[in-house]
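Here is how the chains run, residue by residue.
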Amino acid sequence: MPIRVYNSLTRRKEEFQPVHPPKVGMYVCGPTVYMNSHIGHGVGPVIFDTIKRYLTFRGYQVTMVINITDVDDKIIHRASGLKVPPEKIAREVEEDYRRNIARLGVTGVDHFPRATEFIPQIVAFVRALIDKGHAYPAAGDVYFDVSSFPGYGKLSGREVEELLAGARIAPGEEKRSPADFALWKASKPGEPSWDSPWGPGRPGWHIECSAMSMGLIGDQLDIHGGGLDLIFPHHENEIAQSECATGKPFVKYWMHNGLMQFAGRKMSKSEGNLVTITDLLAKRDPELIRFLILSTQYRRPIEFGDEHIDGVEKGLQAFYRFFERFERATGRTVYDVAPKLPEEASGEGLGLASAKMRDAFLESMDDDFNTGAAVAAMFEALPAANRFMDERGLGEGKKAEGEDLDDLAGFVATLRFLAGLLGVFEKPVAGASKLDEETTTKLRDLLSVQGEKSDAPGEEIISRLIELRASARKSKDFKRADDIRKGLAAAGIILEDRPGGTTWSKA
């Protein structure tokens, strides 16, 4: 099945056919590094990192670029307030951004270009636009002449006349029309500046992305990504200046991700609801946050907030509980099982569940990288694996052997392969399965209350307590059975009575 991509430019899904297959050039707008990255800054990198993973799986050779805007009015203003050089602010915030998206599992970025590293290319770009009659210098600034590009507005759907309605030229600006935008800005005293034919200055925001993307990928990009809030004016202006400079279509597929929102409102500085990635990851595991982002189709808004994150975490714990059962049943962790897809979409029992999960997952990803549906495919397969273990009593005192072990390991291999395309379940989550010393001590105390002592590992003590509870229920000593359940809950162990026996998990 071919991959289909929703193209923001044409407003429809199209079959994915890169300009120079199997190579794919993908450019994603990165942050302006003036304040530490908030969680919204992590959304795009996680989404497009996942898209790269899937395209690579499908045989494409993907080059992924995320830019760093390290010269801007906001950086200059904050640096002035703190009385430090703008470069110091930019480097510290860039480091924070790169460190945090790496913690979110973003591994696919090939280049992190800085705008200040591309000044010569930007100056040449601006000069070419002037020479072709698409831009004009004015008192040290250079502006793009929007009227020179008939296609202006084709991405956002806005008409130039609409933009001009009520628009005014700000004092000090020498542009011909309110719709024209800056390619080069004359620097004020004390601001960062570079020499140019129009005097000392610095690049405008939009021209930076065109110069960086073309410098690292080429005149035509296969995919240009970014948040929905960048469609206008940023991406609209990128199209205008780039296509006027080269005479070629700039981007084949424009892809825009939905924005993070809190209680139905966009997360933003003006709303006062921003949460930095650093603060969030001090309280929540990075795998949970990546899972949260990918649990929704990328074009939809992502709801943020403790209640919503708790709901996603509850779903994620279903996988972790299965991982714990698998370890008890096999003596291996799921991370010891090499990821692998089943070769045939057939079989029976757990093999059939694996094949169905694979087919539903890949079909979802082929349909505009629908990670939300792909995650659902993994969830829908999980009950089959738990039933398989219930019916055979695996993990609760009985070890998996022979065909049972092969079937169980095959399911885990498939699950891990598919999850790896999303960038989850690649390594153990701290505290997700092992019992710490404090919990084990509580379990030994509980066992002592029940009249027994043991120096065995915590997992073995839990198994013994489950046996004692089952014996108490059989003899109708429901108080004792309930005391054991409550004692385990106080130690952070939750019991679940299933048809094949009682299972446990960490709270």
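Residues numbered from 1 in each chain as written. Predicted model: local features only at pLDDT ≥ 70, side-chain atom pairs only at ≥ 80, totals over all residues. Heavy atoms only, no water.

Draft legend 1. Here's a closer look at the overall build of the protein. Check the secondary structure of the protein and you find 16 helices and 15 strands. In terms of overall dimensions, the protein has C-alpha extents of about 95 × 55 × 35 Å along its principal axes. A total of 507 residues make up the protein; the buried ones form 52% of that total. When contacts within the protein are restricted to residue pairs at least 6 apart in sequence, those whose partners lie at least 24 apart make up 73%. (Helix = DSSP H or I, 4+ residues; strand = E, 2+ residues; numbered from the N terminus. Buried < 20%, exposed > 50% of the residue type's maximum accessible area, 1.4 Å probe, protein only. Contact = heavy atoms within 4.5 Å.)

Draft legend 2. Structural detail: the pattern of salt bridges. As enumerated under the stated definition, the model contains 36 salt bridges in all. Between Glu191 and Arg202 there is a salt bridge, with the nearest N and O atoms lying 3.6 Å from each other. With Glu191 in the loop between strand 7 (181–186) and strand 8 (201–203) and Arg202 in strand 8, the pair connects residues that are eleven residues apart, well separated along the chain. With a relative accessible area of 4%, Arg202 lands in the buried category. Note that Lys479 and Asp483 form a salt bridge whose closest N and O atoms lie 3.0 Å from each other. Placement of both Lys479 and Asp483 in helix 16 (residues 478–490) is noted, with a separation of four residues, approximately one turn of the helix. Overall, Lys479 belongs to the exposed group, its relative accessible area being 60%. For Asp483, a relative accessible area of 32% translates into the label partly exposed. Among the charged side chains, a network of salt bridges with common partners joins Asp70, Arg91, Glu94, Arg98, Arg114 and Glu117. (Salt bridge = Lys/Arg side-chain N within 4 Å of Asp/Glu carboxyl O.)

Draft legend 3. Layout of the sheet that holds strand 4 (residues 61–66). Strand order in the open sheet formed by four strands is 4-3-9-10, with parallel pairing between adjacent strands. Of all the strands in the sheet, the pair left with one neighbour each is strand 4 and strand 10 (251–257). The mean inter-strand angle of the sheet, taken between neighbouring strand axes irrespective of direction, is 20°. Relative to strand 10, strand 9 (residues 221–227) runs parallel, the two sharing six bridges. (Pairing = 2+ DSSP bridges. Axes fitted to C-alpha atoms, helices over the stretch in contact; angles between N-to-C directions.)

Draft legend 4. Up close: empty space enclosed by the protein. Evaluation of the coordinates by the stated rule reveals one cavity of 30 Å³ or more. There is about 40 Å³ of room inside the largest cavity. Every residue lining the largest cavity is listed: Thr69, Val71, Asp72, Lys185, Arg202, Pro203, Gly204, Trp205 and Glu208. (1 Å grid on protein atoms, 1.4 Å probe; cavity = no way out; pocket = protein on both sides within 12 Å on 5 of 7 lines; lining within 4 Å. Points joined across faces, edges and corners; volume = space filled by probe spheres on them.)

Draft legend 5. Fine view of the state of the cysteines. Taken as a whole and judged by the stated rule, the model has zero disulfides. Of all cysteine sulfurs in the structure, the one in Cys209 sits closest to Cys29, which takes part in no disulfide; the separation is 4.0 Å. With no disulfide partner, Cys244 has as its closest neighbouring cysteine sulfur the one in Cys209, 17 Å distant. (Disulfide = S-S within 2.5 Å.)

Draft legend 6. Spatial organisation of the nonpolar core. Core analysis: the biggest nonpolar cluster contains 95 residues, and Leu55, Phe361 and Phe369 have the highest contact counts within it. What Leu55 contacts, discounting residues up to four positions off in sequence, is Ile3, Phe16, Val24, Tyr60, Val62, Ile223 and Phe369. Ile122, Phe144, Ile207 and Val251 belong to the second-largest nonpolar core, a separate cluster that totals 40 residues. (Core = buried A, V, L, I, M, F, W, Y, C linked by side-chain atoms within 4.5 Å.)

Draft legend 7. Summary view of the environment of Ile76. Along the chain, Ile76 turns up in helix 2 (residues 73–82). Ile76 sits 116 residues away from Pro192 along the chain, and the two C-alpha atoms are 8.1 Å apart. Those residues within four positions of Ile76 in sequence are excluded, and the remaining contacts are Glu191, Pro192 and Arg202.

Draft legend 8. A look at the sheet that holds strand 13 (residues 302–304). In spatial order, the strands read 12-11-13; together these three strands make up an open sheet with mixed pairing. Each edge of the open sheet is held by one strand with a lone partner, namely strand 12 (265–266) and strand 13. Taken together, the three bridges between strand 11 (residues 260–262) and strand 13 define a ladder with parallel strand orientation. Along strand 13, the bridge assignment pairs Phe262 with Phe304.

Draft legend 9. Fine view of the pairing of strand 2 (residues 12–15). Here strand 1 (residues 4–7) pairs with strand 2 via four bridges, running antiparallel. Among the inter-strand pairings, Arg4 is bridged to a residue of strand 2, identified as Glu15. Here strand 1 folds back onto strand 2, and the loop between the two strands holds four residues, one of which, Arg11, carries a positive phi near 60°.

Draft legend 10. Structural context of the packing of aromatic side chains. Applying the stated criterion across every chain, the model contains 20 aromatic pairs. In textbook terms, an aromatic cluster arises when at least three aromatic residues are bridged by ring pairs, as seen for Phe291, Phe319, Tyr320, Phe322, Phe323, Tyr335, Phe379, Phe411 and Phe425. Sitting above the plane of the Tyr136 ring, Arg176 keeps its charged end 3.9 Å from the centroid. Taking NZ or CZ as reference, Arg392 lies 3.9 Å from the ring centre of Phe388, over its face. (Phe/Tyr/Trp six-rings, centres within 6.5 Å; stacked < 30°, edge-to-face > 60°. Lys NZ or Arg CZ within 6 Å of the ring centre and 35° of its normal.)

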